[in-house]
Amino acid sequence: MSNMTELMEKRQHLVQEVLEGYPDATKKEREKHLAVVDEADKSSCAVVSNVKSRPGVMTTRGCAYAGSKGVVWGPIKDAIHISHGPVGCGQYSWWSRRNYYAGMTGINSFGAMQVTSDFQERDIVFGGDKKLTAIIDELEALFPLNRGITIQSECPVGLIGDDIEAVARAKGEELSKPVIPVRCEGFRGVSQSLGHHIANDVIRDWLLDKRDLPDMGTPYDVALIGDYNIGGDAWASRRILEEMGLRVVSQWSGDGTLQELAHTTKAKLNLIHCYRSMNYICQYMENQFNIPWQEFNFFGPTKIIENMRKIASLFDDYIQERTEQVIKQYEPRIKATIERYRPRLEGKKVMLLVGGLRPRHTIGAYEDLGMQVIATGYEFGHVDDYERTVAGLGDATILYDDPTAYEMEEFAKNLRPDLIGSGVKEKYVYHKMGIPFRQMHSWDYSGPYHGFDGFPVFARDLDMAINNPGWTLIKNPFEERSLS
Amino acid sequence: MEDSTSKSTASKVDGERWIVKDHNTLFESPNYQKQFADKRIFEQGATEEEIASVEAWTRTWEYREVNFARSNVLINPAKACQPLGGILAAAGFANTLPLVHGSQGCVAYFRSHFSRHFKEPFAAVSSSMTEDGAVFGGLKNLREALVNAVQLYKPDMVAICTTCMAEVIGDDVSSFVADFREEGVVDANLPVAFANTPSFVGSHITGYDNMMRAILSDQAKGVSDKDSTKINIIPGFETYVGNIREVKHILQALGVEATILGDTSDALDSPATGEYIMYPGGTPLKQLRAAATNRATIALSRYSTKKTMDMIRKRWKQDTMALIPPIGITATDAFIKEIQHVTGCDISEELLRERGRAVDAMLDSHPYLHGKRIALVGDPDVLLGTVSFLLEMGAEPEHIVCTNGDDDFLQEMTALLATSPHGVNAKVWIGKDMWHLRSLVLTEPVDLLIGNTYAKQVAKEADIPHVRVGFPIFDRHHLHRFPIIGYNGTVFLLQQMVNAILDDLDRKSPAYSFDAIR
């Protein structure tokens, strides 16, 4: 106990020390975003979240466009997503998120493409609506199998007063297919998060409940929501749900289609993995259509099994029995994975800075491998995320909201974790420091990490990151005098 | 257990060998393939027949005509926006922090983009403007950004450029910075360079030019000292750290003293030592400040240095020469001759030997490149250098696509092609994109595609080898650490091209032609 208190004090001291590096006003602001978890009084570690990043601090955050085009809409594979505005936004978000889909790119699927209206000065001066109309016609001619078009607004669109809604309505009627305007200009809100919300609302207003299932439906129809199929995550999760006897009628939005979004209101239950980015639509469907929703977590066997049972408990004996059978079938594989990797990873300490659900959802998977998360935080979480997170954190865990590059570096230098999980902007900083790192947005070009099929991949990747023989080479063997 | 679950286990102990199936193989298993097929009921997508028929149509001349009829949308363009180039220019100076004024998402994108290419950290900050900034302007944000960034990241210089948001609302950054100096918010001794880099004008190469011009004109005062033998070299929008090192090697071999203005070679290729250093390289600011009094300036890029070179000519009164990147023998010869012309240095034995080796290597590999039809896509400068080299090899450029090429480029490339009988079949396409390129390659096939990572979609559909040249290169490692310019770089590029062709030949050759010796 006294050890714990000592650790607690040490970490609180560390947080204070890091804060000293800021100018006064920024320090006051950043102070509210940092906390050390006190197990005895978890209410004391509430952090302020979802407010503006301070200018100039090097936040990891992105923008509303990234939240809509990059996260929610981009994975809808049978629609063409126009990055509406100058060329950059679409270029930087092109084919980089790894939201896999089954389909032929440029023929019936349009995910790994960068479609841009490439605004020029004249478009800024005279408006881009005419160009947008012409673009939609050009896309129709080139891609006859597209099932719809979305217009993802970049900053200038909202500043110059274009009426993309009018264009969308007119073209949608003319083409008899969804043409959907999204007001996700990058200056809206404080992070990606508002982009998720805006995208949810647009789906609600332009698509939801507009179509029926291809059949009469079954009592076991569910929608898989908030899974972006990074490296095939949604496929691994869907597999489990189907083996449990459920029928997944919609995938939001990894490997998803407009049809699936539109008929989701015919599902009996919404299962949501990434709460942050899609709770809005689930809440709406509950209010409007009485569709219940259940959060779940398919990272790591402990959480997967716990959540399979939680989901099954919402159904009848048939589903519950099948669920137990499925768990039983997977047990030998889970055991083999843990037996292989846990000895190599036991006791290793992890620092996380990610988005969406991962700062909390992945903790169980690390724990299954004997690892401990000693610091975690969200790029763009809200208070409800932190409430859900703190409950699962151990004493003296450092919690940071929208931490700056400076903060993360200071924490890492001091805590010397065995692994950091964050994004590509952060990755190479920690490589220089000699700290093992995995990109935990993109799964570092690996995956899936969801489900029973994802867990061995996760375990293997952590093992290879931490036990990479290269780390031992960083320190050179030469004595200093031989350098001079 | 022979049920469906255990049959396709994703990982297993296979004898002693532990196998983990990740996305590369996992989803090929029958149960996932069935999952995909079953999911189609809910997708209400096109039928297999429709897909096959449309796919076949997109390979036709008829489709190509539809494709080239468009004048509004770009699909898979090979260009990015101005501030990306702006912060690359800034990153080439010692202890310089790029600050991008406008929405914060842009900076997240730029940093990711560069980190994916260089596999290095890329430091840059944003003034994080939001909706109220759109209404009231970004003065407050920029002030706070400078205060925070200077205290946290302790730069010796700040280089500010703009996103389209700041440009559209018309923030006057120069007067903002002047105010900050008056208020004492910005230390009188801290250099702050500023460039407008609107995303809706030009491309990343324009942004590089604007920022480079701003930094040089802001920092280096005076005029050319005609007695000086020291020269400046400006790499241009250069994404090969190996190229800059090769330039240094050439200068050293010639015994010429030079300042590289915008030297990213150490800044974006730092060693793993156990310590993270935020500014690991770049042109020392002292050298930057002395650059105006040097004898002359040579740029290894024409299209990303136009305004910069113009400024140098007019303000620094220097002799200037903007070359195409020295790729291949002729272009490297021209670069060295230019240095000789300016400095009066002698050619060195070392470089002559390197030249001879490069020519020797080209003669060795020539049969596999002569007459080969080549498609290229990229930035204007890289295209000019690469085509110049290909013509030396007797290779035949067929389609040259340059999304950010202008009329000057069109003329210059046309003139270059006209210098060789191997250039007669080439068609130059400015303002076109990689969806156009796809049509070109599918209707008029080629043997080799040269372009950045994104071009791999076209290469795969056309089933042709792809040599990655340009920016970004995300999917092959370390190419940017090696030079493709100078005599040494020429050998490296040649090696990639000939071996790509030979790999393809081996993969496709009938058994009798599957030769041991090539």
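Residues numbered from 1 in each chain as written. Chains lettered and ligands numbered in written order. Predicted model: local features only at pLDDT ≥ 70, side-chain atom pairs only at ≥ 80, totals over all residues.

This part covers the overall build of chain A. In terms of regular secondary structure, chain A is built from 20 helices and 14 strands. Principal-axis analysis of the C-alpha atoms places the extent of chain A at approximately 75 × 60 × 45 Å. With 484 residues in all, chain A has 61% of them scored as buried. The contacts in chain A between residues at least 6 apart in sequence include a share of 73% that link residues at least 24 apart. (Helix = DSSP H or I, 4+ residues; strand = E, 2+ residues; numbered from the N terminus. Buried ≥ 20, exposed ≤ 12 C-beta atoms within 10 Å, placed from the backbone. Contact = placed C-beta atoms within 7 Å.)

A word on the overall build of chain B. From N to C terminus, chain B includes 21 helices and 16 strands. Against the compact-globule benchmark of 24 Å for 518 residues, chain B has a radius of gyration of 26 Å, which places it among compact chains. Taking the principal axes of its C-alpha atoms as reference, chain B extends roughly 75 × 60 × 55 Å. The buried share of chain B, reckoned over its 518 residues, is 57%. (Rg over C-alpha atoms; globule rule 2.2 N^0.38 Å.)

On to the pairing of strand E14 (residues 427-430) of chain B, then. All names here are of chain B. Sheet topology note: the strand E13 (residues 396-402)/E14 ladder contains 4 bridges and is parallel. Bridging from a neighbouring strand, cysteine 402 pairs with isoleucine 430 of E14. At this point the chain moves from E13, through helix H18 (residues 407-418), to the parallel E14, and the crossover so formed is right-handed. (Pairing = 2+ DSSP bridges. Right-handed = clockwise from strand over helix to strand, strands pointing away.)

Residue and element names in this part refer to chain A. Judged by pairing direction, the sheet is mixed, and its 6 strands sit side by side in the order E1-E12-E11-E10-E13-E14 without closing on themselves. Where the open sheet ends on each side, the last strands, each with one partner, are strand E1 (34-36) and strand E14 (437-439). For this sheet, the mean inter-axis angle between neighbouring strands, taken without regard to orientation, is 15°. Bridge analysis of E1 against strand E12 (residues 398-401) gives 3 bridges, and the strand direction is antiparallel. Bridging across to E12, valine 36 finds its partner in isoleucine 398. Those strands touched by helix H20 (residues 451-466) are strand E13 (419-422) and E14, and its axis lies near 140° from that of E14. (Axes fitted to C-alpha atoms, helices over the stretch in contact; angles between N-to-C directions.)

What follows is about the environment of isoleucine 87 of chain B. All names here are of chain B. Note on placement: isoleucine 87 falls in helix H5 (residues 82-91). Separated by 124 residues in sequence, isoleucine 87 and methionine 211 place their C-alpha atoms 7.6 Å apart. Setting aside residues no more than four positions away along its own chain, isoleucine 87 makes contact with Pro98, Val100, Phe110, Ala124 and Cys161.

This part is about the sheet that holds strand E2 (residues 79-84) of chain A. With mixed pairing, 5 strands are arranged side by side in an open sheet as E5(A)-E4(A)-E2(A)-E3(A)-E3(B). Every interior strand has two partners, whereas the edge strands, strand E5 (179-182) of chain A together with strand E3 (74-75) of chain B, have only one. Pairing between E2 of chain A and strand E3 (residues 115-116) of chain A: 2 bridges, direction parallel. Residue pairing in the sheet places isoleucine 82 of chain A in a bridge with valine 115 of chain A of E3 of chain A. Of the strands in this sheet, E2, strand E4 (148-153) and E5 of chain A are in contact with helix H3 (residues 64-73) of chain A, which crosses E4 of chain A at around 155°.

Between its first and last C-alpha atoms helix H11 (residues 204-219) of chain B spans 22 Å; for 16 residues at 1.5 Å apiece the expected length is 22 Å, and the two agree. In terms of burial, H11 of chain B is largely enclosed, as 13 of its 16 residues are buried. (Expected span 1.5 Å × (residues − 1).)

With an omega dihedral of 0°, the bond running from glycine 447 of chain A to proline 448 of chain A counts as a cis peptide bond. Tracing the sequence through the fold places proline 448 of chain A in the loop between E14 and H20. Looking along the chain, the bond that leaves phenylalanine 471 of chain B and enters proline 472 of chain B is cis, with omega of -5°. Structurally, proline 472 of chain B can be placed in the loop between strand E16 (466-468) and helix H21 (486-508). Positive phi, close to 70°, is recorded for methionine 58 of chain A, a residue that is not glycine.

This brings us to the interface of chain A and chain B. Quoted interface sizes are often the accessible area lost when the parts come together. Counting residues at the interface gives 100 residues for chain A, matched by 90 residues for chain B. Ranked by residues supplied to the side of chain A that touches chain B, first place goes to helix H19 (residues 424-433) of chain A with 8 residues. A per-class count over the side of chain A that touches chain B returns 48 nonpolar, 28 polar and 24 charged. With 2 bridges connecting them, E3 of chain A and E3 of chain B associate as antiparallel partners. Across the sheet, residue valine 115 of chain A finds its bridge partner in E3 of chain B, namely isoleucine 75 of chain B. (Nonpolar A, V, L, I, M, F, W, Y, C, P; charged D, E, K, R; others polar.)

Residues and elements named next belong to chain A. Strand E7 (residues 247-253) sits mainly inside the fold: 6 of its 7 residues count as buried. In this sheet, E7 lies alongside strand E6 (residues 221-227) in parallel orientation, the contact comprising 6 bridges. Following the sheet pairing, valine 222 is matched in E7 by valine 248. The β-α-β motif built from E6, the intervening helix H10 (residues 233-243) and the parallel element E7 has right-handed crossover chirality.

The subject of this paragraph is the nonpolar core. One finds Ala149, Ala159, Met211, Ile215, Leu448 and Leu449 of chain B to be the most contacted residues of the largest nonpolar core, which totals 288 residues. With 9 residues, H21 of chain B is the largest single contributor of residues to this core. Setting aside chain neighbours within four positions, we find leucine 449 of chain B in contact with Ala375, Val441, Ala455, Val458, Ala459, Ile464 and His466 of chain B. Residues Phe187 of chain A together with Met129, Cys164 and Ala166 of chain B belong to the second largest nonpolar core, which totals 11 residues. (Core = buried A, V, L, I, M, F, W, Y, C linked by C-beta atoms within 7 Å.)

So, on to the packing of helix H15 (residues 329-343) of chain B against helix H17 (residues 380-392) of chain B. Residues and elements named next belong to chain B. Interhelical geometry of H15 versus H17 gives an angle of 120° and a closest axis separation of 7 Å. Judged by the angle between their axes, H15 and H17 are oblique. The segment H15 lies against H17, with Ile329, Thr330 and Ala331 engaging Gly385, Ser388 and Glu392. Looking at the contact of H15 with H17, its residues break down into 2 nonpolar, 3 polar and 1 charged. (Parallel < 35°, antiparallel > 145°, perpendicular 65-115°, else oblique.)

All names here are of chain A. With 10 of 11 residues buried, H10 is to be regarded as a mostly interior element. Taken together, the buried positions of H10 are Asp233, Ala234, Trp235, Ala236, Ser237, Arg238, Arg239, Ile240, Leu241 and Glu243. In the segment just after H10, glycine 245 is the residue with positive phi, at about 105°.

Looking now at the packing of H17 of chain B against H18 of chain B. Residues and elements named next belong to chain B. H18 packs onto H17 with a crossing angle of 5° between their chain directions and a minimal axis gap of 10 Å. By the angle class used here, H17 and H18 are roughly parallel. Across from Pro380, Leu383, Leu384, Val387 and Ser388 in H17, the residues of H18 making contact are Phe409, Glu412, Met413 and Leu416.

A few words on the confidence of the model for chain B. Residues and elements named next belong to chain B. On average, residues of chain B score 96 in pLDDT, and 97% of them reach the 70 mark or higher. Strand E12 (residues 373-377) holds the highest mean pLDDT among the elements of chain B, 99, whereas helix H1 (residues 4-7) holds the lowest, 44. Low pLDDT, under 50, characterises residues 1-9; the stretch is placed with 14 contacts to residues that sit more than four places away or in other chains. At the level of chain-chain contacts, confidence expressed as ipTM amounts to 0.98, with global pTM at 0.97. (pLDDT = per-residue confidence, 0-100.)

What follows concerns the environment of valine 241 of chain B. Residues and elements named next belong to chain B. Mapped onto the elements, valine 241 comes out in helix H12 (residues 241-254). Along the sequence, valine 241 and phenylalanine 482 sit 241 residues apart, while their C-alpha atoms lie 7.2 Å from each other. Contacts of valine 241, omitting those with residues within four sequence positions, involve Thr264, Ser265, Leu268, Asp269, His480 and Arg481.

This next bit is on the environment of methionine 351 of chain A. Residues and elements named next belong to chain A. As for its position among the elements, methionine 351 is in strand E10 (residues 349-352). By the C-beta count within 10 Å, which is 26 here, methionine 351 ends up buried. Residues methionine 351 and glycine 172, spaced 179 residues apart in sequence, show a C-alpha to C-alpha distance of 47 Å. If sequence neighbours within four positions are ignored, methionine 351 has contacts with Ile374, Ala375, Phe411, Ala412, Leu415, Pro417 and Ile420.

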